[in-house]
Structures are given as structure tokens and as C-alpha cells.
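Each chain, letter by letter, is given below.
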Amino acid sequence: MAGRSFDLVLFGGTGDLAGRKLLPGMYFRYRDGDIADDSRIIATARQQLTTEQFHGLVRERLQQNLEAGDFDAGTCDGFLRHIQYVTTDAGDGASFQGLRPLLTDAPERARVFFLATSPTFFTAIASHLAEAGLVTPTARVVLEKPLGRDLASSREINEAVGRIFSEDRIYRIDHYLGKESVQNLLALRFGNSMFEPLWSRSWVRDVQITIGEQVGVEGRGEFYNQTGALRDMVQNHLLQLLCIVAMEPPTSIDPDSVRDAKLQVLRSLKRFSEADIQDRIVRGQYRAGASEGRPVPGFLDEPGIPHDSRTETFVALKAELCNWRWAGVPFYLRTGKRMQDRLAEIVVNFRNVPHAILQGPSGIAAHNRLVIRLQPHDGLTLQLQAKTPGDGMRLQPIQLDLAFQNAHKARMLDAYERLLMDVIRGRLTLFMRRDEQEAAWAWVEPILDAWAASDEAPKPYTAGTWGPAASSALIGRDNRAWHEEV
Ligand code: BG6
């Protein structure tokens, strides 16, 4: 049944995120009957386009970005009837008046402003919306990452937007929280009684979180060169995953219960000293190599990248949490562009049995391991020890494998698709609160500062590998290895 009617105003309507994720996501929600007949998507950008011209663009982007079987011309026509286009310019407040006639002032109607633009425009857009009288008491604003470049700039944006929208109307998006497996981790931890007693330093040996991408900078050279992997992935996606793994059980699924619990994790992250930054963090940059069997250029030869750029395309680090539950348990985090495979996963390695009466093939029995896979396919694997068939009593590891897709026989919603519907329905739980985001900046800032002051270049690695040798050495020093089975 179609839900609440809405007006969704999409800033950056002609941009990459809108074309690749947001509009395809809304197309699926329309196809599945989730969009009420009188709901509207008002796309806006600086480009001068008519609604008809914009419809042409949307049709093209849907054809490019949807699987062949998912695109249906009739469904697309029906979807386009919900979409209008209007030109606005963040540098020209008067242009925002063009939005007014397209919005309906009805309190029961959700009004959402989604800012899929560079964060440098957030403050201006929010102010122009207010000046044009478009910010009703229930209007919501969605802020896409990156929210600033550091703590100070993110505070500035938060202050400015916060003068116009109250905190409970601000949806700071981290699309990793919209991924099926991440929500399944919440279900796994807090919907089952069997994991929680094991979920602490008593039974967990270490946790590894990897987000490896095969793609390079994909035409975003200029942006990426100013950003780097620490700001692009660690400050937000990796830390948010860490929060979901490590947080205390919240009292409810209400936004503030969950966000308070996540904030505690961020606050208990041990600050890196200068020596730690040297010892516990590896930054890398890819050189020419191969990806999926094709030769690919190195980062320094990508369009828009200066030849002496020191921007990191890879980060691996060893984090620790200063609290009773996790003291002494290493959390190894890593992310990189042009990795060997597209792989995103959370691996929880459990301790060995305290007294081994049975042996594994190499004399040592393997430990239990829980892998929560986000990419390429959502699912989870639990490694247990079982008896090797036949004579004798030796152990061998076996895998209990669960692909969520097969378990539910249903299409998995894309992260943005789910999060957009959450905004429309007013569910804040999976969005970051200001204090969380600032705590994450405060933790990465000493690293950013140390790197900016250092003469050392990032460690090179060949495109199509798992990063610099120093990354294996980082975890190898603790007699461990990265989990890299796809
Ligand atoms: C974005 C980053 O937030 O996440 C990109 O800016 C990155 O650089 C992307 O490629 C990865 O998202 P996903 O869902 O494709 O893993």
C-alpha cells in the first residue's frame, strides 16, 4: 500500500548520485507501489532544462543503471509523471522562488530537501530555502557526505544548517547504514540470544572490517584528490560499521537509543599518538596494474590528479576501544580503491578453545569465525569445527553459509532506496546525529594533521592487489592475516 504523500526536492538533480542511485531507487519504490499518486519528486540543479528534457535524461540514466529485466518503458512513463524539474542556483537566492508553486503546504505531507550537492553549497541552499519561506515546521533536510573536510568545517555546516532545521529534522546520510547486511547485523546481535554472551574481549580475538573496491577514482579525480580514502571512507563508512559491531545493546530501536550507543563507541576509540600513526596506520596509493583482466593506470596518471599528489587511495589501521567490553581487542580496518576484488565484510574472529582435546589438519584447530558480507553479495558465514569424515577424530573447518537473497527470495532494496523511504517516513535511526559525526572527525583529525605535516609519500601498491605490503605486515605483527576469501 502506498505510504504517506511527499514532496521530495532533489538538489543536484542532474548529478551522478541522483542518476545512479536516488532516481533508480525511487523508480523501484514506484514500481512496487510505495509512492502515493499525488507524491512528487522535484529535481533541481543549475542547468537550464525543461521538465521534458529532464525526463529524457532520467529515462536514459534508468536504462543505463538498471538491470535489463528491471527497466520497463510503461513503468518508467508512470514514474516520470511524478517528476518535475526546476532550475535553481545556490548563488542566486531569488531562483529558489521557482520551487514555491511546486510545493503543497499541507502539514500531513512530508516535505524533504535532499542535498546531493557538494557540501560547499549546503549552507547557501539551507539559507535560501528559509528566505523563500519553504522551510515548514515539519520539513526535513538530507545531507549527503562528505560533511566538511575536518572538524571545524563540519561544525560550521552543522551550525549553519542547524539554525534553519532542528536536529530532529536533519538526516545525515551514510549509505552503508542502509545496506541490508548492516541492518542484519543489528538483527543478528539484538534479535538472537546466542551471540551477545560471546560478543566481548572474553571470546572475540579480533575484528576486521574491509571495504575493498575494484574501481579507481572513476572520473572524480579532482574531488578524490582533495579528499582521500581517510575522509571518503574511514571517517564515515568504516567507523559507522565499527559502531554497529561494537556498540552496547541500545534500550530500543529509537533514534536516540541507537545513536547514543554508537556515540559511546566513537568516544571510546583510543586516540592515536604520533608514534601510533607511524606504527598502526598504513596509507597507500595505487600504481598502474590490472583490474578484472584489463590494464589500468596508476592514480597519478588518472585525469585531474597532479603528478606529485600525496593523496591516499588506501588506508589500513589498527584501532582499539578503551572500554570494558573491548579492551585489548584489535579492530583492523582497511579500505582501498583498485583492490583485487570488490569485497566489503566484517569478520569477527573468536578465540581458540581454551583447552584443545582434538586437533586440526595442521595440528592446530582453526578458530570460529563469523563473516558478515556486505559485498559483493549480502550474507553471512559462520565457520565451525567439525569432524573430518571417516576414521579417526580430527577436526576440519566447515562453513555455514547464508545468502540473504536466497533465504528471503525477495529483491534486496538498495541502501539509498531504503534510506530515502526512511526520510519520507520520518525514521531517523539510521542517520547520524551531529555529535556522532563530530566525534568521528575528532578521531581522524590527528591523522589528517600528521599526514599533512609529513614528507613521507603514501606506500605504492599495484592496482589489482590488496594494497601495500605494509598492510599485511601491520596485521602480521600480531600473528594474524587479513581475511580475503571472496
Ligand atoms: C562513497 C565514496 O561514499 O562510497 C566512494 O565516496 C565509494 O568513493 C562509495 O566508491 C562506495 O560505496 P558502495 O556502496 O559502492 O560500496
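Worth saying up front: this structure is predicted, and the values here are computed from it rather than measured. Along every chain, residues carry numbers that run from 1 in the direction the sequence is written. Only residues with pLDDT of at least 70 get local features here, since the model is predicted, and only at 80 or more are side-chain atom pairs given and counted; chain-wide, interface and lining totals rely on the full set of residues. Excluding hydrogens and water, the side-chain figures rest on all heavy atoms present in the structure.

(A) Here's a closer look at the packing of aromatic side chains. Two aromatic rings, drawn from Phe, Tyr or Trp (for Trp, its six-membered ring), form a pair once their centres lie within 6.5 Å of each other, and the interplanar angle then sorts them: stacked below 30 degrees, edge-to-face above 60, tilted otherwise. If you walk through the whole model with that rule in mind, you get 15 aromatic pairs. Judged by centre distance (6.1 Å) and plane angle (40 degrees), the rings of Y30 and F79 are tilted. With Y30 in helix α1 (residues 16-31) and F79 in helix α3 (residues 73-80), the pair connects residues that are 49 residues apart, well separated along the chain. Feature note: the residues Y224, Y286, F299, F314 and Y461 constitute an aromatic cluster, connected by ring pairs. Placement of a charge over a ring requires the Lys NZ or Arg CZ to be within 6 Å of the ring centre, with the centre-to-atom vector within 35 degrees of the ring normal. Just above the ring of Y176 sits the side chain of K179; from NZ or CZ to the centre is 4.4 Å. Lying over the aromatic face of F28, R411 brings its terminal NZ or CZ to 3.7 Å of the ring centre. Secondary structure elements follow DSSP: runs of H or I no shorter than four residues count as helices, runs of E no shorter than two count as strands, and numbering proceeds from the N terminus.

(B) Local environment of empty space enclosed by the protein. Cavities and pockets were defined on a 1 Å grid built from protein atoms only: a cavity is a group of points that admits a 1.4 Å probe but offers it no way out, a pocket is an open group of points flanked by protein on both sides within 12 Å along at least five of seven lines, and a lining residue is one with an atom within 4 Å of any such point. Grid points are joined across faces, edges and corners, and a volume is the space filled by probe spheres set on the points. Overall, the coordinates contain two cavities of 30 Å³ or more when judged by the stated rule. Put simply, the largest cavity is a space of about 50 Å³. If you go around the largest cavity, the residues you meet are K145, P146, L147, Q235, N236, M432, Q437 and W441. Every element with two or more residues in the lining of the largest cavity is listed here: α7 (221-246) and α12 (434-453). Of the voids in this model, the second largest cavity is the one considered here, and its volume is about 30 Å³. The classification used treats Ala, Val, Leu, Ile, Met, Phe, Trp, Tyr, Cys and Pro as nonpolar, Asp, Glu, Lys and Arg as charged, and all other residues, Gly among them, as polar. Taken together, the residues of the lining of the second largest cavity break down into one nonpolar, no polar and five charged.

(C) Fine view of the site of the ligand. One heavy atom within 4 Å of a molecule or strand makes the whole residue count as near it. With respect to spatial proximity, the complete set of residues near the ligand consists of K145, H175, Y176, K179, E213, R220, D232, M233, H237, K337 and Q375. The contact in question runs from an oxygen atom of the ligand to an N or O atom on the side chain of E213, over 2.5 Å. As used in this structure description, the phrase polar contact means that two N or O atoms lie within 3.5 Å; if the pair is within protein, one of them must be able to donate a hydrogen and the other to accept it, and residues adjacent in sequence are counted only when both atoms belong to side chains. Q375 has a polar side-chain atom sitting 3.1 Å from an oxygen atom of the ligand. Computed by Shrake-Rupley with a 1.4 Å probe, the accessible areas treat only the displayed protein chains as cover when residues are assessed. The protein chains hide 82% of the 400 Å² of surface that the ligand would expose on its own. With three residues, α7 is the single largest residue contributor to the shell around the ligand. Looking at the shell around the ligand residue by residue, the classes come out as two nonpolar, three polar and six charged.

(D) Layout of the side chain of E320. Within the secondary structure, E320 sits in the loop between β11 (314-319) and β12 (331-336). Exposure remark for E320: the relative accessible area of 18% places this residue in the buried category. At 2.7 Å, the side chain of E320 and the side chain of R280 are in polar contact. Not counting chain neighbours up to four residues away, the residues in contact with E320 comprise S268, L269, K270, R280 and V329. Note on exposure labels: buried denotes an accessible area under 20% of the residue type's maximum, exposed denotes more than 50%, and partly exposed covers the range between, all computed with a 1.4 Å probe on protein chains only. Residue contacts follow a heavy-atom distance rule, with two residues in contact if any of their heavy atoms lie within 4.5 Å.

(E) Seen up close, the side chain of S39. Note that S39 resides in the loop between α1 and β2 (40-45). The exposure class of S39 is buried, given its relative accessible area of 2%. Excluding residues that lie within four positions of it along the chain, S39 makes contacts with R4, S5, F6, H82 and R109.

(F) Quick look at the packing of helix α2 (residues 51-65) against α3. Every axis corresponds to a line fitted to the C-alpha atoms, with the helix fit spanning only the stretch in contact, and the corresponding angles, defined between N-to-C directions, vary from 0 to 180 degrees. At a closest axis distance of 11 Å, the pairing of α2 and α3 adopts a crossing angle of 140 degrees. By the angle between their directions, the pair α2 and α3 is classed as oblique. The element α2 and its partner α3 pack so that their crossing is right-handed. On α3, the residues that touch H55, V58, R59 and L62 of α2 are C76, D77, F79 and L80. Residue composition of the contact of α2 with α3, grouped by class: five nonpolar, one polar and two charged. Between 65 and 115 degrees an angle is taken as roughly perpendicular, under 35 as roughly parallel, over 145 as roughly antiparallel, and anywhere else as oblique. If you view the pair so one helix is near and one far, a crossing is left-handed when the near helix is turned anticlockwise from the far one by less than a right angle, and right-handed when it is turned clockwise.

(G) A look at the sheet that holds strand β13 (residues 343-350). Strand order in the open sheet formed by nine strands is β16-β15-β14-β13-β7-β12-β11-β8-β17, and the pairing between neighbours is mixed. Since the sheet does not close on itself, it has two edges, and those belong to β16 (395-403) and β17 (459-462), each with one partner. Put simply, the sheet's adjacent strands are angled 20 degrees from each other on average, direction ignored. Strand direction decides the pairing type here: strand β8 (residues 281-287) and β17, joined by four bridges, are parallel. Each residue of the ladder has a partner; that of Y286, found in β17, is Y461. The strands that helix α6 (residues 180-191) touches are β13, β14 (369-375) and β15 (379-387); relative to β14, the one it contacts most, it runs at about 150 degrees. Any two strands are treated as partners once DSSP identifies two or more bridges connecting them.

(H) Geometry of the environment of L428. Mapped onto the fold, L428 is located in the loop between α11 (415-425) and α12. For L428 and D168, which are 260 residues apart along the polypeptide, the C-alpha to C-alpha distance reads 7.7 Å. What L428 contacts, discounting residues up to four positions off in sequence, is D168, I170, Y171, P255 and R259.

(I) Just α2, in detail. By definition here, a helix of n residues has an expected span of 1.5 Å times n minus one. Its 15 residues give α2 an end-to-end C-alpha distance of 21 Å, which sits within 8% of 21 Å, the value for a rise of 1.5 Å per residue. What α2 keeps buried is the set T51, F54, H55, V58 and L62. Down the axis of α2, the buried side of the element spans an arc of 105 degrees, and every buried residue falls inside it. Residues of α2 that are exposed and point over 90 degrees away from its buried face: E52 and Q64. In this description, the arc belongs to the directions extending from the helix axis to the C-beta atoms.

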